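Structural overview for review
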Amino acid sequence: MMDATIEQPEFEVIVVGASAGGVSALQQLLAALPADLPMPVLVVLHLPRDRPSRIADLLGLRCPLAVREAEDKQPLVPGTVTFAPPDYHLLVESRSSLALSVDAPVLFSRPAIDPLFESAAEVFGSGVLGILLTGASNDGSAGVAAVRSAGGQAWIQSPDDAYSPIMPAAALAHAGADAVLTLTSLCSRMKGLAR
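As a convention, each chain's residues are numbered from 1 in the sequence order in which they are written. In keeping with the predicted nature of the model, local features appear solely for residues at pLDDT of at least 70, side-chain atom pairs appear and are counted solely at 80 or more, and the whole-chain, interface and lining totals rest on all residues. Excluding hydrogens and water, the side-chain figures rest on all heavy atoms present in the structure.

1. Considering the overall build of the protein
Strands here mean DSSP runs of E at least two residues long; helices mean DSSP runs of H or I at least four residues long; both are numbered from the N terminus. Counting its regular elements, the protein contains 6 helices and 9 strands. Since a compact globule built from 195 residues should have a radius of gyration of about 16 Å, the 15 Å found for the protein is in line with a globular shape. With the principal axes as the frame, the protein shows a C-alpha extent of 40 × 35 × 30 Å. The buried share of the protein, reckoned over its 195 residues, is 55%. Contacts between residues were defined by any pair of non-hydrogen atoms, one from each residue, lying within 4.5 Å. Pairs at least 24 apart in sequence give 71% of the contacts found in the protein among residues at least 6 apart. For accessible areas, the Shrake-Rupley method is used with a probe of radius 1.4 Å. Any residue's cover is judged against the shown protein chains and nothing else. Total accessible area on the protein is roughly 8200 Å²; 51% of this is exposed by carbon and sulfur atoms. This radius of gyration counts C-alpha atoms alone. The globule rule is 2.2 Å times how many residues there are, raised to the power 0.38. Remark: exposure states derive from per-residue accessible area (1.4 Å probe, protein chains only) relative to the maximum for the residue type, with buried under 20%, exposed over 50%, and partly exposed in between.

2. Quick word on helix 5 (residues 166-175)
Taken together, the buried positions of helix 5 are Met167, Pro168, Ala170, Ala171 and Ala175. Buried residues in helix 5, looked at end-on, bunch into an arc of 160°, giving them a common side. Taken from the residues just after helix 5, Gly176 is the one with a positive phi, measuring 70°. Arc definition: it is the arc formed by the directions from the helix axis to the C-beta atoms.

3. What to know about the packing of aromatic side chains
By convention here, two paired aromatic rings are described through the distance between centres and the angle between planes. Note on aromatic contacts: the rings of Phe and Tyr and the six-membered ring of Trp form a pair at centre separations within 6.5 Å, being stacked when their planes are under 30 degrees apart, edge-to-face when over 60 apart, and tilted otherwise. What the rule picks out here adds up to 1 aromatic pair. Note on Phe11 and Trp155: the rings are 6.0 Å apart at their centroids and 85° apart in plane angle, and the pair reads as edge-to-face. With Phe11 in the segment before strand 1 (13-18) and Trp155 in strand 8 (residues 153-157), this pair connects stretches of sequence that are 144 residues apart. Take Phe11: its relative accessible area is 7%, and that puts it in the buried class. Of the residues examined, Trp155 reaches a relative accessible area of 0% and is grouped as buried.

4. Remarks on the pairing of strand 1
Taken across its 6 residues, strand 1 has 6 buried, putting it largely inside the fold. Burial of the side chains of strand 1 extends over both faces: Val13, Val15 and Gly17 are buried on one face and Ile14, Val16 and Ala18 on the other. Note that strand 1 and strand 2 (residues 41-45) share 5 bridges and pair parallel. Looking at the pairing, Ile14 lines up with Val41 of strand 2. For the handedness criterion, the β-α-β arrangement of strand 1, helix 1 (residues 22-31) and strand 2 is classed as right-handed. At least two DSSP bridges between two strands are needed for those strands to be called paired. By convention, a crossover is right-handed whenever its connection, traced from the first strand over the helix to the second and viewed with the strands pointing away, goes clockwise.

What follows is the structure, given as structure tokens:
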């Protein structure tokens, strides 16, 4: 497992993807975010498309940052956590705004992880930190590849540590990672991203 100490790059945005087992993993990860985190955090959790989600409210209870569900064309705000809403892909539109898309599902999911990671890599290049957590599909693999190709970093939950190892294992096989970490180690690294 890779968990060597590395020099911390200057990230401009954090993108996070999770699926099966993701609610519990995200509860821990978001609770570990420092209150003075200087960059926005954008999250895709695979959600049912046919009903409203209360996930931002639920996960905001223990997160020291403001947590909200995305709206189309909203500003990209440092120090906030923004979730993709049900049935919409969340995209980074520019360095200052987000967009929602009703493009076709990716690997049967909308929202999907790949469009978020790919759009963030296109806009922010080497300033992206992509974090891929537990999940039971191959969503995220292309996104991790895009982040790393653009010079950003990808931290992936160790498949051995994940509730569902399929998604992190698929991304590792497809694109590799800059760090493969237990959820506990990921949370420790989050605390190191303070101003």
